[in-house]
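Analysis of the macromolecular model
Take a look at the letters that make up each chain.
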Amino acid sequence: MAEPQRARPKPTPETQHFWDGTKAGELRLQRCDACAHVYFPPRPFCPSCASRKVSVFKASGKGFLYSYVINHRPAAPGFTPPYAIAVVELAEGPRMMSNIVDCPQTPEALELDMKLEVAFQELDDKISLPVFRPAKG
Amino acid sequence: MRKNQVAVVGAAETTELGVIPNASQLQLHADAALNAIADAGLKLSDIDGFATAVETPQQVCHYLGIKPTWVDGTSVGGCSFMLHVRHAAAAIEAGLCKTVLITHAESGKSMIGKQPRFTPADSLNGQFEAPYGVYGPPSMFPIPVLRFMKTYGITHEQLASVAVVQREWAAKNPRAMMKDPITVTDVLNSRMIAYPFRLLQCCLVTDGGGALILTSADRARDFPRKPVYIMGTGESVETPMVSQMETFNSSRAFKTAGPLAFKEAGIAHKDVDHLMIYDAFAHLPLFGLGDLGFMPYEETGKFIADGNTRPGGKLPLNTNGGGLSYMHSGMYGMYALQESVRQMRGIAPAQVPNAKISVCHGVGGMFAASGTIVFTNER
């Protein structure tokens, strides 16, 4: 029997550019051409001013640990508990859910406000997932 | 909306609460509805307005044999029933219907006739949260807690005291699932579920249901029970993705719904005799106390740990034992409303003496939605 897999995202027309980006090793965000608001998750208009003139850009991939839980039970398919489910605040402003890699999954190691940088985890030939690791230096 | 124009004239829970292996979710709706109709001294044919969540109005109306002229299927999670009360009050005032039945039921434990919750892989939650291992409310709802604790200096012991105090209330309630006393140490030694929360800081999972009947305040005088008036109401939604909340230091939906209800009721915090804050997890009462404006967020943990919300305290909170100790079917808002109504009728198992104003505050999803109702027994 195959191992249960972690949930795979399925892109929509509005989010395809984001998943194309992660596949190419880029974290892509959107910025409103009218009011400069940077937002996430993807959509083809600005949720702040409603302008449809928006641009996709490559984000710095830097951020900090905003909050998290360390999940013990029940564990999602494809995960070995305990594992942290984190929310990262990106340098550009938006926050996103993620996992923290290359770091013990403990309250001692996972300090709020610690600096993080993006990494990409290849799930299959279509999807790479943005995750974060402690920033170097 | 004008205050005290609409009243609750019927209120009841399912005949049993807890583990109910002999009834489907739909039958639990009917059981609660029939109990509420008996409580109000009405016939099914008297109901001309109907609201429910998760199950559709057509499903429950057909099963019960109700022919409504007004329906509301607002389904925003566990506080849907607070929103139903608000919408029903507006509909009755507008003359769209006269007598509204609101039902909730959930076979949350036995899972009989209940659709499993499912997150499509191409939804925003499916793309941007599910791949990171969220798996049910315990892995999602507590995500803001560590940030809230750091911002306001809230301690693990204070968050544990929420469960301790609510168990004290539950001990007074024969229908509560969990009645044995617990200590802060017990809470902090209970099984880890999703750090920082342990088993005793997470809600129960049970079967049950409840129903309310509302009509105009003028008609309410002719009913057998003491009317409980709708004094003020508020509602809002924020986001289905906990990661996308504006901040983890408060809930925007709470901060919208709560003050709206207080303003409509024309009351100040010192007027509140009894308070329900939907406690799916132990942090919700702290968010609620802060977001509803009872005190600065920094003081919420200490306020509860110091015993101010326990039996005999100055602000009785979650007096049925709450979702942590009374019951939690999955959408607990109906049970919070039932306890507010019991308190206003003066018949609660742990009755707050001379309570005249009760505030009932609900959450839906993981801070996704909110509804607040202010009740009074004086017109």
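Within each chain, residues carry numbers counting from 1 in the order of the written sequence. Going through the entries in the order they are written, you letter the chains from A and number the ligands from 1. In keeping with the predicted nature of the model, local features appear solely for residues at pLDDT of at least 70, side-chain atom pairs appear and are counted solely at 80 or more, and the whole-chain, interface and lining totals rest on all residues.

Focus on the overall build of chain B
When its secondary structure is counted, chain B shows 14 helices and 11 strands. Throughout, radius of gyration means the C-alpha value; the globule benchmark is 2.2 Å times the number of residues raised to the power 0.38. Here chain B has a C-alpha radius of gyration of 19 Å; the compact-globule value for 379 residues is 21 Å, and the two agree. Taken along its principal axes, the extent of the C-alpha atoms in chain B is 55 × 45 × 35 Å. Partly exposed residues are those whose C-beta has more than 12 but fewer than 20 other C-beta atoms within 10 Å; 20 or more makes a residue buried and 12 or fewer makes it exposed, with C-beta atoms placed from the backbone. The proportion of buried residues among the 379 residues of chain B is 61%. Contact between residues is assigned whenever the C-beta positions, reconstructed from backbone atoms, fall within 7 Å. For chain B, restricting intrachain contacts to residue pairs at least 6 apart in sequence, the fraction spanning at least 24 positions comes to 76%. Strands here mean DSSP runs of E at least two residues long; helices mean DSSP runs of H or I at least four residues long; both are numbered from the N terminus.

Describing the sheet that holds strand 8 (residues 228-237) of chain B
Residue and element names in this part refer to chain B. DSSP calls a pair of strands paired once it identifies at least 2 bridges connecting them. In spatial order, the strands read 3-2-4-7-1-8-11-10-9; together these nine strands make up an open sheet with mixed pairing. A strand with exactly one partner marks an edge of an open sheet, and here the two such strands are strand 3 (70-72) and strand 9 (274-277). Pairwise comparison of adjacent strand axes, ignoring direction, gives a mean angle of 20° for this sheet. Axis lines are fitted through C-alpha atoms, for helices just across the contact stretch, and the angle between N-to-C directions can take any value from 0 to 180 degrees. Against the sheet, helix 10 (residues 252-265) makes contact with strand 8, strand 10 (357-364) and strand 11 (369-376), and its axis sits at roughly 150° relative to strand 8, the strand it touches most.

Quick word on the interface of chain A and chain B
The interface is formed by 31 residues belonging to chain A together with 28 residues belonging to chain B. Among the secondary structure elements, those contributing two or more residues to the side of chain A that touches chain B are strand 4 (62-71), strand 5 (83-90) and strand 6 (95-98) of chain A. Element by element, the count of residues in the side of chain A that touches chain B is highest for strand 4 of chain A, at six residues. In the scheme used here, Gly and all other residues not listed as nonpolar or charged are polar, with Ala, Val, Leu, Ile, Met, Phe, Trp, Tyr, Cys and Pro taken as nonpolar and Asp, Glu, Lys and Arg as charged. Of the residues contributing to the side of chain A that touches chain B, the split by class is 19 nonpolar, seven polar and five charged. Pairing between strand 4 of chain A and strand 5 (residues 192-195) of chain B: two bridges, direction antiparallel. Each bridged residue has a counterpart across the sheet, and for Ile70(A) the counterpart in strand 5 of chain B is Tyr195(B).

Some details on the packing of helix 7 (residues 156-170) of chain B against helix 12 (residues 297-305) of chain B
Residue and element names in this part refer to chain B. Between helix 7 and helix 12, the least distance of the axes is 8 Å, while the angle of their chain directions is 45°. The angle between helix 7 and helix 12 falls in the class oblique. The crossing of helix 7 and helix 12 is left-handed. Residues Glu157, Gln158, Leu159, Ser161, Val162 and Val165 of helix 7 touch helix 12, and the partners they reach there are Gly301, Lys302, Ile304 and Ala305. Across the contact of helix 7 with helix 12, the residue classes tally to five nonpolar, three polar and two charged. For this classification, under 35 degrees means roughly parallel, over 145 means roughly antiparallel, 65 to 115 means roughly perpendicular, and everything else is oblique. The hand of a helix crossing depends on one turn: near helix anticlockwise from the far one by less than a right angle means left-handed, and clockwise means right-handed.

Focus: helix 14 (residues 333-345) of chain B
Residues and elements named next belong to chain B. For a helix, the expected span equals 1.5 Å multiplied by the number of residues minus one. Helix length check: helix 14, at 13 residues, gives a terminal C-alpha distance of 19 Å against a target of 18 Å (1.5 Å per residue), a fit within 8%. With 12 of 13 residues buried, helix 14 is to be regarded as a mostly interior element. One or two positions beyond helix 14, positive phi appears at Gly346, with a value near 85°.

What about unusual backbone geometry?
With an omega of -5°, the peptide bond between Phe40(A) and Pro41(A) qualifies as cis. Inspection of the secondary structure assignment puts Pro41(A) in the loop between strand 2 (38-39) and strand 3 (54-58). Cis peptide bonds are those with omega within 30 degrees of zero, and the linkage from Tyr195(B) to Pro196(B) qualifies with 15°. Mapped onto the elements, Pro196(B) comes out in the loop between strand 5 and strand 6 (197-198). Despite not being glycine, Ala50(A) has its phi angle at roughly 75°, a positive value. Turning to its location among the elements, Ala50(A) is positioned in the loop between strand 2 and strand 3. Looking at Ala50(A), the number of C-beta atoms within 10 Å reads 10, which means it is exposed. Even without being a glycine, Phe367(B) presents a positive backbone phi close to 65°. Relative to the helices and strands, Phe367(B) resides in the loop between strand 10 and strand 11.

Remarks on the pairing of strand 4 (residues 100-107) of chain B
Residue and element names in this part refer to chain B. The buried fraction of strand 4 amounts to eight of the eight residues, a majority that puts the element mostly inside the structure. What you see with strand 4 is no split at all: Val100, Ile102, His104 and Glu106 on one side and Leu101, Thr103, Ala105 and Ser107 on the other are buried throughout. Both strand 2 (residues 49-52) and strand 4 contribute to a ladder of four bridges, which runs parallel. Within the sheet, the bridge partner assigned to Phe50 lies in strand 4 and is Leu101. Bridge analysis of strand 4 against strand 7 (residues 207-216) gives eight bridges, and the strand direction is antiparallel. Considered in strand 7, the bridge of Thr103 is made with Ala211.

Describing the packing of helix 1 (residues 25-40) of chain B against helix 2 (residues 57-64) of chain B
All names here are of chain B. Between helix 1 and helix 2, the shortest axis-to-axis distance is 10 Å and the interhelical angle comes to 60°. At the point where helix 1 passes helix 2, the crossing takes the right-handed sense. Residues Leu26, His29, Ala30 and Ala33 of helix 1 touch helix 2, and the partners they reach there are Gln59, Val60, Tyr63 and Leu64. The class makeup of the residues in the contact of helix 1 with helix 2 is six nonpolar, two polar and no charged.

Here we look at helix 6 (residues 145-152) of chain B
Those residues of helix 6 of chain B not exposed but buried are Val145(B), Leu146(B), Arg147(B), Phe148(B) and Met149(B). On its buried face, helix 6 of chain B sits against strand 4 of chain A together with strand 6 of chain B. Immediately downstream of helix 6 of chain B, the backbone of Gly153(B) shows phi near 70°, a positive value.

Considerations on the pairing of strand 5 of chain B
Residue and element names in this part refer to chain B. Bridge count between strand 5 and strand 6: two bridges; the pairing is antiparallel. Across the sheet, the residue bridging to Ala194 is Phe197, located in strand 6. Once strand 5 ends, the chain turns through one residue before running back antiparallel as strand 6.

Overview of the confidence of the model for chain B
Scored from 0 to 100, pLDDT records how confident the predictor is in each individual residue. Summary statistics for chain B give a mean pLDDT of 97 and a share of 100% for residues scoring 70 or more. If you check the scores for this complex, the pTM reads 0.97 and the ipTM reads 0.97.

Examining the sheet that holds strand 2 of chain A
Residues and elements named next belong to chain A. Here we have three strands laid out as an open sheet, ordered 2-1-3, and antiparallel in their pairing. Either end of the sheet is taken by a strand with one partner, and the two such strands are strand 2 and strand 3. Bridge count between strand 1 (residues 28-32) and strand 3: five bridges; the pairing is antiparallel. Within the sheet, the bridge partner assigned to Leu29 lies in strand 3 and is Phe57.

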